[in-house]
Amino acid sequence: YCLAGAAEELNEISVQTYRRFGLNIKPGEGAAFLLLERMDDAVKRDKKAFAVIRASTSMFSYKDNKRDSVINCLQRCLDKAGLSAENISDVFVNAEEEALKDHLPSVRNITGILGEAFCVTTFFHIIIASHAICKNTDTGKKAIICGLSVDGCAGSLILTGHDKSK
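Residues numbered from 1 in each chain as written. Predicted model: local features only at pLDDT ≥ 70, side-chain atom pairs only at ≥ 80, totals over all residues. Heavy atoms only, no water.

Participant: Could you give an account of the overall build of the protein chain, naming the residues involved and the relevant values?
Facilitator: Scanning the protein chain for helices and strands turns up 6 helices and 7 strands. Along the protein chain, helices (α) and strands (β) appear in the sequence β-α-β-α-β-α-β-α-β-α-α-β-β when read from the amino end. Within the span of the protein chain, comprising 166 residues, buried residues form 39% of the whole. In the protein chain, of all internal contacts separated by at least 6 residues, the share reaching a separation of at least 24 is 65%. (Helix = DSSP H or I, 4+ residues; strand = E, 2+ residues; numbered from the N terminus. Buried < 20%, exposed > 50% of the residue type's maximum accessible area, 1.4 Å probe, protein only. Contact = heavy atoms within 4.5 Å.)

Here's what the structure looks like:
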């Protein structure tokens, strides 16, 4: 098992730092945890997986090239999973939302509700996508989650339902 967690504290120092560097974001806070396990272990215990990680990628680019970084990271993740944008039913991002609307369907971003808590927002996206996949196993839902940090680090993750034939 792997327990992964993230927490973000909203404090005066963070808010002033965002403003000082001209970051136009709505800061937020929170915490989220994911419990990850190998599919074989879940099957042995006769447990249903909420979602399966099919592919993940990460990359870095400088601040002036963040849009391309997100798009390239998403494309690499799709290629790694053997999927195309048409196969994806839900897209969750925490940055560069407008840039992705031309490349992927159904782009969602919860930062307007929760505020921008960077890692925590991405964890919430994974949790929401996992629940949607788990509840709709017959529809073959596939979700891609993308996160982008202020300094240009991008990461993508594709979640699908459990294919019992594999």
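Participant: Kindly report on the nonpolar core, identifying the contributing residues and their values.
Facilitator: Core analysis: the biggest nonpolar cluster contains 20 residues, and Leu-74, Leu-78, Val-91, Leu-100, Leu-104 and Ile-144 have the highest contact counts within it. Counting residues per element, the ones that place at least two in this core are α3 (66–81), β4 (90–93), β6 (142–148) and β7 (153–160). Ignoring any residue separated from it by four or fewer positions in sequence, one finds Leu-104 in contact with Leu-74, Leu-78, Ala-85, Val-91 and Ile-144. (Core = buried A, V, L, I, M, F, W, Y, C linked by side-chain atoms within 4.5 Å.)

Participant: If you had to explain a nonpolar patch on the surface to someone new, which residues and values would you point to?
Facilitator: Taken together, the side chains of Tyr-1, Leu-3, Phe-33 and Leu-35 make up a nonpolar region of the molecular surface, amounting to roughly 550 Å² of accessible area. Relative to the elements of secondary structure, Leu-3 occurs in strand β1 (residues 2–8). (Patch = residues over 30% accessible without salt bridge, like charges linked within 9 Å, V, L, I, M, F, W, Y side chains within 5 Å. Areas by Shrake-Rupley, 256 points an atom, 1.4 Å probe, with all protein chains shown as cover. Salt bridge = Lys/Arg side-chain N within 4 Å of Asp/Glu carboxyl O.)

Participant: So what's going on with the environment of Ala-31? Which residues, and what values?
Facilitator: The topology assignment puts Ala-31 in strand β2 (residues 30–36). Counting along the chain gives 23 residues from Ala-31 to Glu-8, while the straight-line C-alpha distance between them is 6.5 Å. For Ala-31, the contacting residues outside a window of four places in its chain are Ala-6, Ala-7, Val-120 and Phe-124.

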